[in-house]
Amino acid sequence: MTKSQKTSFVLNLLIVLMTIFAIWAMLADFRFMSDPSKPAVLSSANAKAFKYFTVDSNVFAGIISLVMMIVQVLIAKDRLKKLPKLLHLLKLAATTGVMLTMLVTVFFLAPFQFDFFSLFMDSNLFLHLLIPLVCIITFVFFEPAEISTAQTFAGTVPMLIYAIFYGTNIILHLQNGKTSHDYDWYGFLDGGVSTIWFVGPLMLAVTWAMALLIQTANKKFARN
């Protein structure tokens, strides 16, 4: 392995370990920063936790990082010649997903929907900040990927899949034609269900812009 590949391997290992710890801490309701007598924010100590894009995107990133490590070992042992193109696309999608999680938390959820620092405590410290940052650093600086502009649309796939689930769930549980925070837990449709036609395309555009930005940075830094 080159120095860059070794760094990638170590950072991917860190992502996997942080993901395992964060998911365990969340499901076990392990608190090391907040008051355990108060309800956790955007978290759940059971399978309901997986209704959150934050959890799903971080688990996806952890899985892809693990796959990346396995493939890197196979390449080092001459059992594979190079990283498969599909793995590059999956890594872009995973990185874009956790970047979306982090930026939505920092610029929308934390300042407008919840107490700001409550979203960066305990398992959320890893899920909303640390894991996304390490994912971005790993892909941008240490994992050169040959991905065309058109192929960067792969970065939006996790968000699109989740958006279908999220939007359908809200529509199926309208109360007198109005959305409920029990189902619109992120508050994206606080302005009414009709805003889905604005919020949906906006999220798609923002997510694709992130994927383009990440891949552009990858071309500039990872290849050097």
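The text that follows walks through the structure, step by step, so that each part is easy to find.

Quick notes on the rules
- Residues numbered from 1 in each chain as written.
- Predicted model: local features only at pLDDT ≥ 70, side-chain atom pairs only at ≥ 80, totals over all residues.
- Heavy atoms only, no water.
- Helix = DSSP H or I, 4+ residues; strand = E, 2+ residues; numbered from the N terminus.
- Expected span 1.5 Å × (residues − 1).
- Buried < 20%, exposed > 50% of the residue type's maximum accessible area, 1.4 Å probe, protein only.
- Arc of directions from axis to C-beta.
- Contact = heavy atoms within 4.5 Å.
- Axes fitted to C-alpha atoms, helices over the stretch in contact; angles between N-to-C directions.
- Parallel < 35°, antiparallel > 145°, perpendicular 65-115°, else oblique.
- Left-handed = near helix turned anticlockwise from the far one by under 90°.
- Phe/Tyr/Trp six-rings, centres within 6.5 Å; stacked < 30°, edge-to-face > 60°.
- Lys NZ or Arg CZ within 6 Å of the ring centre and 35° of its normal.

1. With respect to helix α5 (residues 157-172)
Residue pairs spaced three or four apart in an α-helix point in one direction, given the helix's 3.6 residues per turn. For α5, spanning 16 residues, the distance from its first C-alpha to its last is 23 Å, which sits close to the expected 22 Å at 1.5 Å a residue. The set of residues buried in α5 consists of Pro158, Met159, Tyr162, Tyr166, Gly167, Asn169 and Ile170. For α5, the angular spread of the buried residues around the axis is 160 degrees, confining them to a single face. Exposed residues pointing more than 90 degrees away from the buried face of α5 are listed as Ile161, Ile164 and Leu172. In this fold, the buried residues of α5 make contact with α2 (53-76), α3 (85-113) and α6 (196-221).

2. Focus: the packing of α3 against α6
At a minimum axis distance of 9 Å, the contact between α3 and α6 shows a crossing angle of 120 degrees. Here α3 is positioned oblique relative to α6, judged by the angle of their axes. Considering only the axes of α3 and α6, their crossing is right-handed. Note on element contacts: α6 touches α3 through Met203, Thr207, Met210, Ala211, Leu213, Ile214 and Gln215, opposite Leu92, Thr95, Thr96, Met99, Leu100, Leu103 and Val104.

3. Side note on the environment of Ile214
Its place among the elements puts Ile214 in helix α6. Ile214 gets classed as buried once you look at its relative accessible area, which sits at 3%. Each C-alpha atom of the pair Ile214 and Ile137 lies 9.8 Å from the other, and the pair is 77 residues apart in sequence. Excluding residues within four positions of it along the chain, Ile214 makes contact with Leu92, Thr95, Thr96, Met99, Phe139 and Val140.

4. Some details on the packing of aromatic side chains
According to the stated counting rule, one finds 23 aromatic pairs in the structure shown. The interplanar angle of 40 degrees and the centroid separation of 5.3 Å between the aromatic rings of Trp24 and Phe30 together place this pair among those described as tilted. Phe30 gets classed as partly exposed once you look at its relative accessible area, which sits at 35%. Relative to Trp208, the ring of Phe153 has its centre 5.7 Å away and its plane inclined at 85 degrees; by these criteria the two rings are edge-to-face. Here Phe153 is found in the loop between α4 (123-142) and α5, whereas its partner Trp208 is found in helix α6, with 55 residues between them in sequence. Relative accessible area serves as the criterion here: at 34%, Trp208 is assigned to the partly exposed category. An aromatic cluster is built from Tyr52, Phe53, Phe108, Tyr162, Phe165, Tyr166, Trp185, Tyr186 and Phe188, whose rings are joined through pairwise contacts. It is Lys51 that lies over the ring of Trp185; its NZ or CZ is 4.6 Å from the centre.

5. Remarks on the environment of Leu11
Within the fold, Leu11 resides in helix α1 (residues 3-27). Separated by 23 residues in the primary sequence, Leu11 and Ser34 place their C-alpha atoms 27 Å from one another. Apart from the residues within four sequence positions on either side, Leu11 is in contact with Val134, Ile137, Thr138 and Phe142.

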